[in-house]
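Summary of the model geometry
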Amino acid sequence: MKKKKAWLLTILVVAVVGISIITGHSNSLKAVSSLGKDTLTMITSPDYPPYEFYDTKGGDRQIVGFDIDIAKTLAEKLGFKLQIMESDFNGLIPALQANRADFVMAGMTPTPERQKNIDFSIIYYEAKDTIVAPKGSNLKQPQDLLGKKLGVQLGTIQEQNARKISQKVAGIQLKQLNKVPEVVQEIKSGRIDAAIVEDTVAKGFAQANPDLEFNTIPSEEASGSAIAFPKGSSFVEPFNKVLQQMKDDGTLAKLVTKWFSQNTAANSVSSTPAKGGLNLDFTRILPDIPFILRGIPLTLLFTLLSVTLGLIWGTILSLLKILGIKPLTWVANAYTSVFRGTPLLLQLALVYYATPQLTGYDISALEAGVLTFTLNSGAYMSETIRGGIQAVDKGQSEAAMSMGVPYWLMMWDVILPQALKNILPALVNETIGLLKDSALVSTIGVVEILRSAQIVGANKYIYFEPLLFAGLIYYVLVMGMTLGASALEKRLRESE
Ligand code: ARG
């Protein structure tokens, strides 16, 4: 009896502490309207050195770059504080439309289509497209891309330009990826032949990856970067004024030299990757390992919380199912079938993106993650628990009933404890599954292990090594958990 109370208390404490940490932790997109107007909120896609990328030196994560410096100067001159948020590039315009930020700086080029949905400042930096390819490919102009596989970042004008090229040049196969470093990695692994990338960005990647080369595409029009605002924003005017000032007084030129003249990316690479074979070089991520490791507590907290809440929710659902009240059973079954019948990733995206629109509550990425995982694992666990309950010997409930023990008390005191013991192995499996699936929340911007690894990859212009390292961490965590669980199971069996 005492033991059970202790258990219940532990579960409650985990839930309460976890939830408060999570709600406190939420540093993701908050609706701008909720901010006092002394702060400007900018959103960017920090996969784009030297415009914007992560500085992870010293284990901390900071977004730095050309755009960031400009934004800081702008905010300061206009008398605002600056808050910076992030998303994949293709999520930036939707974020402006949903009013989740005051402006976007992400090396974004004004195009007529974009201008239908958002407003732009004047251009602050001109850029040209290049073809990035393995050294010696000698791809200089669109015609050279005949029959090639071509990579681009999703939602960028490079994607559009690639489409245009493929209308003129035969046999081009397009591959769109979310982040520029992913595009570069695809070239390195030979899955695509080339990519279209802006010149300054291409330069950085080529310097860090000596096995790559880039050639500027000769074209009539140069494209440029401008600041983007929600349609009708009153900030366009003041921003333009200050931008013009910065152009005139040389501030902008200074920033251009600072970020574009040398190989900025804070992390210039000294070692040259070995030729041929598997050219892995983990020394390049050595300084970033503390940063990746920092994702572990969040991943664990996330898992623990989802399992705990999922267990509670799953128990409730399973009781609804076996209570014998038709409508309740029906609802619980329908719920389970929906949550088991649709992809977790889809549920996650729905909860994260639709909640603000449907309820007005601006849910943070982390909260959305915990909520989705709880709802989802509750569905799975309810079946497991139901099975566990039904596996408890009927004689026990009959005995309890005949002694006049009320139904709920019997459930609580007799049936559930035994059921839980029976399903322990299944619960461990569920926990392991959740731990690994927690990587999915990286897609909505929670910086857990996988996301940290991707950040380091973006930062260092490499992809493979940090991912391998992240895989190792997951594996070690799962192994630890498995060992712990079998020890626990053994103890429970012995105490029988
Ligand atoms: N200039 C291009 C565009 O507007 C690419 C910008 C990509 N920016 C980024 N942060 N990934 O489409």
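Residues numbered from 1 in each chain as written. Predicted model: local features only at pLDDT ≥ 70, side-chain atom pairs only at ≥ 80, totals over all residues. Heavy atoms only, no water.

1. Details of the UniProt feature "transmembrane region" (unreviewed entry) in the protein
Test applied: UniProt positions are given in the numbering used here, feature names are shortened, and annotations may be inferred rather than shown by experiment. Strands here mean DSSP runs of E at least two residues long; helices mean DSSP runs of H or I at least four residues long; both are numbered from the N terminus.
When the UniProt feature table is mapped to this numbering, "transmembrane region" (unreviewed entry) covers residues 298-320 and 467-488. Between the end C-alpha atoms of residues 298-320 there is a gap of 32 Å, over a span that is 100% helix and 0% strand. Taken end to end, residues 467-488 comprises 100% helix and 0% strand; its first and last C-alpha atoms sit 31 Å apart.

2. Some details on unusual backbone geometry
Put simply, the test is: Only protein chains enter the calculation, and the probe is 1.4 Å; a residue is then buried if its accessible area is under 20% of its type maximum, exposed if over 50%, and partly exposed in between.
For the bond from Pro49 to Pro50, the omega torsion is 0 degrees, close enough to zero to count as cis. Of note in the backbone geometry, Asn99 takes a positive phi value of approximately 60 degrees without being a glycine. Here Asn99 lies in the loop between helix H3 (92-97) and strand E5 (103-104). A positive phi angle is found at Asn138, which is not glycine, with a value near 60 degrees. In this structure, Asn138 sits in the loop between strand E7 (129-134) and strand E8 (149-153). Residue Asn138 is classed as partly exposed on the basis of its relative accessible area, which comes to 46%.

3. Description of the pattern of salt bridges
The condition is simple: Salt bridges, as used here, are contacts in which a Lys or Arg side-chain nitrogen is within 4 Å of a carboxyl oxygen on Asp or Glu.
Enumeration according to the criterion identifies 14 salt bridges in this entry. Salt-bridge contacts for Glu383 lead to Lys321; the nearest nitrogen and oxygen are separated by 2.7 Å. Here Glu383, found in helix H14 (residues 365-391), pairs with Lys321, found in helix H11 (residues 295-322); they are 62 residues apart in sequence, far enough to count as distant. With relative accessibility at 8%, the residue Lys321 sits in the buried group. Linking Arg386 and Glu383 is a salt bridge whose minimum nitrogen-to-oxygen distance equals 2.8 Å. Of this pair, Arg386 and Glu383 are both found in helix H14, 3 residues apart, which corresponds to roughly one turn of the helix. According to the relative accessible area criterion, Arg386 is partly exposed, its value standing at 25%.

4. Concerning the site of the ligand
Heads up, the rule is: When we say a residue is near a molecule or strand, we mean one of its heavy atoms is within 4 Å of it. Residues adjacent in sequence count toward polar contacts only when both atoms are side-chain atoms; beyond that, a polar contact is any pair of N or O atoms within 3.5 Å, and within protein one must be able to donate a hydrogen and the other to accept it. All accessibility values rest on the Shrake-Rupley procedure with a 1.4 Å probe; residue burial counts only the protein chains present in the view. Under the convention adopted here, Pro, Cys and the residues Ala, Val, Leu, Ile, Met, Phe, Trp and Tyr are nonpolar, Asp, Glu, Lys and Arg are charged, and Gly plus all remaining residues are polar.
Neighbouring the ligand are 15 residues, the closest being Asp47, Gly107, Thr109, Arg114 and Ile157. Between the ligand and Ser45, the relevant distance is 3.0 Å, taken from a nitrogen atom to a main-chain nitrogen or oxygen of the residue. In this structure, a nitrogen atom belonging to the ligand sits 3.3 Å away from a side-chain N or O atom of Glu52. The fraction of the free accessible surface of the ligand (350 Å²) that becomes covered by protein chains is 100%. Of the residues contributing to the shell around the ligand, the split by class is 5 nonpolar, 6 polar and 4 charged.

5. Brief notes about the packing of helix H2 (residues 66-78) against helix H8 (residues 236-248)
For clarity, the threshold we go by: Lines fitted to C-alpha atoms define the axes, with helix axes restricted to the stretch in contact, and inter-axis angles between N-to-C directions lie between 0 and 180 degrees. Throughout this description, any angle smaller than 35 degrees is read as roughly parallel, any larger than 145 degrees as roughly antiparallel, any in the 65 to 115 degree range as roughly perpendicular, and the remainder as oblique. For any pair of crossing helices, the crossing counts as left-handed if the nearer helix is rotated counterclockwise from the farther one by less than a right angle, and right-handed if it is rotated clockwise. Residue contacts are counted whenever heavy atoms from the two residues lie within 4.5 Å of one another.
Axis separation between H2 and H8 bottoms out at 10 Å; the angle between their running directions is 115 degrees. Judged by the angle between their axes, H2 and H8 are roughly perpendicular. Between H2 and H8 lies a crossing whose hand is right-handed. Contacts between H2 and H8 involve Ile70, Thr73, Leu74, Lys77 and Leu78 from the former and Pro238, Phe239, Val242, Leu243, Gln245 and Met246 from the latter. Taken together, the residues that form the contact of H2 with H8 break down as 8 nonpolar, 2 polar and 1 charged.

6. A closer look at the sheet that holds strand E10 (residues 194-198)
Spelled out, the test is: Strand pairing follows a simple DSSP-based rule, namely that at least 2 bridges must link the two strands.
Across the sheet, which stays open at both edges, the 5 strands sit in the order E9-E8-E10-E7-E11 with mixed pairing between neighbours. Lying at the two open borders of the sheet, with one neighbouring strand each, are strand E9 (173-177) and strand E11 (212-216). Strand-to-strand twist of the sheet, defined as the mean angle between neighbouring strand axes without regard to direction, takes the value 30 degrees. Judged from the 2 bridges that link them, E8 and E10 form a sheet pairing that is parallel. Paired with Gly151 across the two strands is Ala195, which belongs to E10.

7. Focus: helix H5 (residues 157-168)
Inclusion rule: Expected span of a helix: the number of residues minus one, times 1.5 Å.
Over its 12 residues, H5 extends 17 Å from the first C-alpha to the last, a length consistent with the 16 Å expected when each residue adds 1.5 Å. Here the buried face of H5 lies against helix H4 (112-117), E7, E8, E9, E10 and strand E12 (223-230).

8. Considerations on the packing of aromatic side chains
What describes a pair of aromatic rings is the distance from one ring centre to the other and the angle between the planes of the rings. Just so we agree on the cut-off: Side-chain rings of Phe, Tyr and Trp (the six-membered ring for Trp) are treated as a pair once their centres are within 6.5 Å; stacked means planes under 30 degrees apart, edge-to-face means over 60, and tilted covers the remaining angles. Criterion for a charge above a ring: Lys NZ or Arg CZ within 6 Å of the ring centre, and within 35 degrees of the ring normal.
Across all of its chains, the model carries 19 aromatic pairs by this definition. Between Phe302 and Phe373, the ring centres sit 4.9 Å apart and the planes meet at 75 degrees, which makes this aromatic pair edge-to-face. With Phe302 in helix H11 and Phe373 in helix H14, the pair connects residues that are 71 residues apart, well separated along the chain. Pair check on accessibility: Phe302 and Phe373 agree, each one buried. Geometrically, the ring pair formed by Tyr352 and Tyr353 is edge-to-face, given 4.8 Å between the ring centres and 70 degrees between the ring planes. You can call Tyr352 buried: its relative accessible area is 2%. Each member of the aromatic cluster is reached from another via a ring pair, and the members are Tyr48, Tyr51, Phe66, Tyr124, Tyr125 and Phe260. The side chain of Arg100 reaches across the aromatic face of Tyr352, ending 5.3 Å from its centre.

9. Re the pairing of E7
Burial within E7 is extensive, with 5 of its 6 residues counted as buried. Here E7 pairs with E10 via 4 bridges, running antiparallel. Bridging across to E10, Ile131 finds its partner in Ile196. Pairing of E7 with E11 involves 5 bridges; the strand directions are antiparallel. Across the sheet, Val132 pairs through a bridge with Phe214, a residue of E11.

10. Focus: the environment of Ser442
Among the secondary structure elements, Ser442 is positioned in the loop between helix H17 (424-437) and helix H18 (449-460). Residues Ser442 and Lys247, 195 residues apart in the sequence, show an inter-C-alpha distance of 38 Å. The residues contacting Ser442, other than those within four sequence positions of it, are Glu448, Leu450 and Arg451.

11. Considering H14
Rules: One fitted axis covers the seven residues ending at a residue, a second covers the seven starting there, and the bend at that residue is the angle between these axes.
Over its 27 residues, H14 extends 38 Å from the first C-alpha to the last, a length consistent with the 39 Å expected when each residue adds 1.5 Å. Roughly 25 degrees is the biggest bend found in H14, and it falls at Ala379.

12. Things to note about the nonpolar core
Counted only if it meets this: Buried Ala, Val, Leu, Ile, Met, Phe, Trp, Tyr and Cys residues form a nonpolar core when they are joined through side-chain atoms within 4.5 Å.
Core analysis: the largest hydrophobic core is formed by 66 residues, its most contacted members being Phe66, Ile70, Phe103, Tyr124 and Ile227. Looking at which element gives the most residues to this core, the answer is helix H19 (residues 464-494), with 7 residues. Beyond its immediate chain neighbours, meaning those up to four positions away, Phe103 contacts Leu40, Thr41, Met42, Ile43, Ala71, Leu82, Leu96, Ile227, Ala228, Phe229 and Phe239. Grouped together as the second largest cluster of nonpolar side chains are 34 residues, Ile363, Ala400, Met410 and Ile415 included.

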